[in-house]
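Okay, here's what each chain looks like letter by letter:
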Amino acid sequence: MNTAPANTALPARIWPTLNFYARTMAIVFRAAWRTRNGYSMGQWAEDSLTFRRGCEACGLRFHVENLEAFADLPGPCVIVANHMSTLETFILPGLLAPIKPVTFVLKRSLTTYPVFRRVINSISPIVVDRTNPREDFKTVMEEGTKRLGAGLSVIVFPQTTRTMELNRQAFNSIGVKLAKKAEVPILPLALKTDAWGIGTLCKDYGPIRPELPARFAFGVPLHVHGSGKSEHEEVMEFIHWKLAGWKMP
């Protein structure tokens, strides 16, 4: 899936970052208002799609490869991805939730943001504190198994810090371990979302660079055998291969 070229309005071309955040805040406030009467997976997907259209109106372009790998799975899975910016958390619901229900493993601070917390707390996230790795692991294993058992696919960013490169040492195997415990497949996801930059004072509010395409590529589903070490290496290799290819002219 590639977004079609569109005419970008003059204000968005001159002030893409300002225009982007104005649109985004309007969408977040609208979504939070909708949670008053409950907030369905369909509404989340709809708001995510509205966000993507707002991005496109600001000049951003999206390229999605092999989404059918998710659609063709008969049940839930663990999606294991690199983490580059806030963009993926806003875009992925619109890609995945219309097909099958999904949720994220998220840091607790995201569930306490003003306004936004009403939306994110409505989609059954798995919340970790990132202060005690042992407790976080226990939480992901217990809560993740429950979500998967209820039919929700779980999106995991093992490399918890948002970076432009794949850091293999920081890319832990929690997604593979969750998939093994729940007896569901792993779906690798490589993404390049640096069009939404990382901020200096606040990581979540960086500059918007429409000249950089946002890319999402799903790999081949993997089933965990034995310890899962080889599957973990295969996920990282897929992400590394895609990121390297996207750098080439």
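Look above for the structure.
Positions within a chain are numbered from 1, following the residues in the order the chain's sequence is written. The predicted nature of this model means local features are confined to residues of pLDDT at least 70 and side-chain atom pairs, given and counted, to a pLDDT of 80 or more, with totals for whole chains, interfaces and linings taken over all residues. Excluded from the side-chain calculations are hydrogens and water; all other atoms, namely the structure's heavy atoms, are used.

### Quick word on the sheet that holds strand β1 (residues 62-65)
So, step 1. Two strands qualify as a pair provided that DSSP identifies no fewer than 2 bridges between them. Only DSSP runs of H or I reaching four residues or more are called helices, and only runs of E reaching two or more are called strands; each is numbered from the N terminus. Read from one edge to the other, the open sheet built from 7 strands follows the order β1-β7-β6-β2-β5-β3-β4, with strand pairing classed as mixed. Looking at strand neighbours, the two that pair on one side only are β1 and β4 (126-128), the edges of this open sheet. Pairs of neighbouring strands in the sheet enclose a mean axial angle of 20°, with direction left out of account.
So, step 2. The strands that helix α8 (residues 174-182) touches are β2 (78-81), β5 (153-156) and β6 (186-192); relative to β2, the one it contacts most, it runs at about 170°.
So, step 3. Against the sheet, helix α9 (residues 229-247) contacts β1, β2, β6 and β7 (214-218), and its axis sits at roughly 25° relative to β6. To obtain an axis, a line is fitted to C-alpha atoms, over the contacting stretch when the element is a helix, and the angle between two such axes runs from 0 to 180 degrees between their N-to-C directions. A contact between two residues is defined here by any heavy atoms of the two lying within 4.5 Å.

### Regarding the pattern of salt bridges
So, step 1. Salt bridge criterion: a side-chain nitrogen from Lys or Arg within 4 Å of a carboxyl oxygen from Asp or Glu. For the structure shown, the criterion picks out 13 salt bridges.
So, step 2. One salt bridge in this structure joins Arg52 and Glu56, with 3.6 Å as the shortest N-O distance. Residue Arg52 and its partner Glu56 are both found in helix α3 (residues 41-57); the two are separated by 4 residues, about one turn of the helix.
So, step 3. Each residue gets one of three labels from its accessible area relative to the maximum for its type: buried under 20%, exposed over 50%, partly exposed in between, using a 1.4 Å probe on protein chains only. The exposure class assigned to Arg52 is buried, which follows from its relative accessible area of 15%.
So, step 4. When the shortest N-O distance is used, the salt bridge between Arg147 and Glu143 registers 2.9 Å.

### Digging into the pairing of β5
So, step 1. Here β5 shows no split at all, with Ser153 and Ile155 on one side and Val154 and Val156 on the other all buried.
So, step 2. As paired strands, strand β3 (residues 102-107) and β5 are joined by 3 bridges and run parallel to one another. By the bridge assignment, Thr103 is partnered in β5 with Val154.

### Topic: the packing of aromatic side chains
So, step 1. Stacked, tilted and edge-to-face are the three classes assigned to paired rings of Phe, Tyr and Trp, where Trp is represented by its six-membered ring and a pair needs centres within 6.5 Å; plane angles under 30 degrees give stacked, over 60 edge-to-face, the rest tilted. Inspection of every chain in the model, using the stated rule, returns 10 aromatic pairs.
So, step 2. Look at Phe51 and Trp196: their rings are 6.3 Å apart centre to centre, the planes differ by 35°, and that puts the pair in the tilted class. With Phe51 in helix α3 and Trp196 in the loop between β6 and β7, this residue pair connects regions lying 145 residues apart in the sequence.
So, step 3. Given the relative accessible area of 2%, Phe51 is considered buried.
So, step 4. Residue class for Trp196 comes out buried when judged on its relative accessible area of 3%.
So, step 5. Judged by centre distance (5.6 Å) and plane angle (50°), the rings of Phe90 and Trp196 are tilted. Here Phe90, found in helix α5 (residues 87-96), pairs with Trp196, found in the loop between β6 and β7; they are 106 residues apart in sequence, far enough to count as distant.

### Description of the side chain of Thr35
So, step 1. In this structure, Thr35 sits in the loop between α2 (16-34) and α3.
So, step 2. Judged by relative accessible area, Thr35 falls into the buried class, the value being 13%.
So, step 3. Pairs of N or O atoms within 3.5 Å make up the polar contacts considered here, provided that, within protein, one atom can donate a hydrogen while the other can accept it, and that residues adjacent in sequence are counted only when both atoms are side-chain atoms. Within the local environment of Thr35, its side chain forms a polar contact with the backbone oxygen of Ala32, the two atoms lying 2.5 Å apart.
So, step 4. Side-chain polar atoms of Thr35 contact the side chain of Arg118, separated by 3.5 Å.
So, step 5. Beyond its immediate chain neighbours, meaning those up to four positions away, Thr35 contacts Arg118, Val119 and Ser122.

### Observations regarding the pairing of β3
So, step 1. Of all 6 residues in β3, 5 are buried, a share of seventy percent or more.
So, step 2. Note that β3 and β4 share 3 bridges and pair parallel. By the bridge assignment, Leu106 is partnered in β4 with Val127.

### Points about α8
So, step 1. Residues of α8 that are buried: Ile174, Gly175, Val176, Leu178 and Ala179.
So, step 2. Close packing links the buried residues of α8 with β2, α7 (133-149), β5, β6 and α9.
So, step 3. Downstream of α8 by one or two residues, Glu183 has phi in the positive range, about 60°.

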